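Notes for the structure review
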Amino acid sequence: MGDQMTSQNFLPQGRKEIQKSPFLPPLTKGERSTHVQNTYHRSHGIASPFEKGGVRGICSEAALAVLLLLCGPATVAFAASGDNAFTPTNIFVPFSTPAHAIYQNASLVLTICAAIFLVVGGLLAYSIFRFRRRPEHENLEPPQVYGSNQIELAWTVIPILIVIVITLATTRTIYDVQGALPPPGTVNVTVVGHQWWWEIRYPDLGIVTANELHVPVTESGNRRPTFLKLESADVAHSFWVPQLAGKTDVIPNRRNLMWIEPTEPGTYVGNCAEYCGLQHARMLLRVVAHAPNDFQNWVAAQKQPPVDDPQLRAGRDAFFSTSCINCHVIKGTRANGQFGPDLTHLMSRETIGAGVVPNTAENLRAWVRDPQHIKPGALMPNMQLSDAELDQMVAYLSSLR
Ligand code: CUA
């Protein structure tokens, strides 16, 4: 080097001067700091947003930062603004013990993430504004920073502490939810996922129904959780009623466990949450939470034998003379098929086709006439009934309250 001053002398140790490109005219002093950004644009003969007076790049970065800053809290605010009527699957409005535990943990994680976002986004926005390009700095290289023990320690230690806090809180939530033991008063239910409906069995009560799970609510001092054993008859499904509990997969040849404990009477909706074939999106779930006395009434009604009205004999005969009985159960009769929903108290359910349409006589007729018309791909075939047979059979089915 000797005493000859080159531009290299002004650069920090270890940093090489930006190389001139053989394809470009020599850089003037003022161009040097913008060389990197401008090379592409210049070599392609287009104006660079970073060229002198160009502010597009800075504006768009600042706009993006502001947008992100606004979006984060807005998203959280939207999610938290829970009007249950409009957001019946809102995980931010829990109505059950495990859902509440998950909500609390999620809130903690979201709060920490929002705080990180605000700090990082705020610093970013500040830096973009404070250190924006100004005409008086046109020819100056910004100060170069190489390493800072304090900053590097801070951005290593603080995230480690945050991860530890989140890990501990999440572990406790997982333990509370998955490690819970059924208290006395628990209702035991086996849920079997089928393409594309839910079979719901109460082994202790001798009740079988479909798509609508009835449970008691827990009132102060009187815990009545419902513990679910989840099984599949065919492919993988997933049981999810967002306001009552987390999502649990329903896997063939396996039994998964979960529980719900609604604290307010009402109907909670959910759906299959694992793609399971053509009608996955129409594999809906309803959980009806009753006050304890109402639940006892529901149980008593479900335990009744099926209605057998002699006036509906023709429809009954039509039903029992077709292959309907190979797939459906009507308790105490020859109908003991296991492939389709139990029909013993069909009309006690609010919907048919796993939530596809309300359970009215008109919809039931349309369903029996051609299930494929309402739910293409449904495994129930069109039985090719005449109009007269259809009317008789629907009259009989409509009596199964
Ligand atoms: Cu069952 Cu998706």
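Reference entry: report on the structure contained in this document.

Thresholds applied
Residues numbered from 1 in each chain as written. Predicted model: local features only at pLDDT ≥ 70, side-chain atom pairs only at ≥ 80, totals over all residues. Heavy atoms only, no water. Helix = DSSP H or I, 4+ residues; strand = E, 2+ residues; numbered from the N terminus. Buried < 20%, exposed > 50% of the residue type's maximum accessible area, 1.4 Å probe, protein only. Contact = heavy atoms within 4.5 Å. Areas by Shrake-Rupley, 256 points an atom, 1.4 Å probe, with all protein chains shown as cover. Pairing = 2+ DSSP bridges. Axes fitted to C-alpha atoms, helices over the stretch in contact; angles between N-to-C directions. Core = buried A, V, L, I, M, F, W, Y, C linked by side-chain atoms within 4.5 Å. Parallel < 35°, antiparallel > 145°, perpendicular 65-115°, else oblique. Nonpolar A, V, L, I, M, F, W, Y, C, P; charged D, E, K, R; others polar. Phe/Tyr/Trp six-rings, centres within 6.5 Å; stacked < 30°, edge-to-face > 60°. Lys NZ or Arg CZ within 6 Å of the ring centre and 35° of its normal. Polar contact = N/O pair within 3.5 Å; in protein donor to acceptor, adjacent residues only side chain to side chain.

1. Digging into the overall build of the protein
In terms of helices and strands, the protein carries nine helices and 12 strands. Buried positions account for 35% of the 401 residues belonging to the protein. Look at the contacts in the protein between residues 6 or more apart in sequence, and 61% of them connect residues 24 or more apart. If you sum the accessible surface of the protein, you get close to 23,400 Å²; carbon and sulfur atoms cover 61% of it.

2. Here we look at the sheet that holds strand β1 (residues 187-194)
An order of β3-β2-β1-β5-β8 is seen for the five strands of this open sheet, with the pairing classed as mixed. Every interior strand has two partners, whereas the edge strands, β3 (207-210) and β8 (256-260), have only one. Across the sheet, the mean angle separating the axes of adjacent strands is 25 degrees when strand polarity is ignored. As paired strands, strand β5 (residues 226-232) and β8 are joined by five bridges and run antiparallel to one another.

3. A look at the nonpolar core
In this structure, Tyr202, Leu213 and Phe239 are the most contacted members of the largest nonpolar core, which totals 32 residues. Broken down by secondary-structure element, the contributors of at least two residues to this core are β1, β2 (197-202), β4 (212-216), β5, β8, β9 (266-272), β10 (284-290) and α5 (292-303). Counting 24 residues, the second-largest nonpolar core is a separate cluster that includes Ala318, Ile330, Ile374 and Met393.

4. Description of the packing of helix α6 (residues 313-321) against helix α9 (residues 387-398)
Where α6 meets α9, the closest approach of the two axes is 7 Å, and the angle between their N-to-C directions is 100 degrees. When the interaxial angle is binned, α6 and α9 end up roughly perpendicular. For the pair formed by α6 and α9, the contact residues are Ala314, Gly315, Arg316, Ala318, Phe319 and Phe320 on the first element and Gln392, Met393, Tyr396 and Leu397 on the second. Its residues assigned to classes, the contact of α6 with α9 shows seven nonpolar, two polar and one charged.

5. So, the side chain of Glu199
Note on placement: Glu199 falls in strand β2. Glu199 sits in the buried class, given a relative accessible area of 9%. Discounting chain neighbours no more than four positions away, the residues touching Glu199 are Thr190, Val191, Val192, His194, Val208 and Thr209.

6. A short note on the pairing of β4
Of all five residues in β4, five are buried, a share of seventy percent or more. Judged by which residues are buried, β4 turns out to be covered on both faces: Glu212, His214 and Pro216 on one side and Leu213 and Val215 on the other are all buried. Looking at chain direction, β4 and β10 are connected through five bridges and run parallel. Each bridged residue has a counterpart across the sheet, and for Pro216 the counterpart in β10 is His290.

7. Focus on the packing of aromatic side chains
Applying the stated criterion to the full structure yields nine aromatic pairs. Centroid distance Phe95 to Tyr268: 5.7 Å. Interplanar angle 45 degrees. Geometry classified as tilted. One end of the pair, Phe95, is in the loop between α2 (56-80) and α3 (97-130); the other, Tyr268, is in strand β9, and 173 residues separate them in sequence. Each member of the pair, Phe95 as well as Tyr268, is classed as buried. Among the aromatic side chains, those forming a connected cluster through ring pairs are Tyr202, Phe295 and Trp298. Above the face of the Phe129 ring, Arg132 is positioned so that its terminal group lies 4.5 Å from the ring centre.

8. Some thoughts on the side chain of Ser96
Counting through the fold element by element, Ser96 comes out in the loop between α2 and α3. Polar contacts involving the side chain of Ser96 include one to the main-chain amide nitrogen of Glu261, which spans 2.9 Å.

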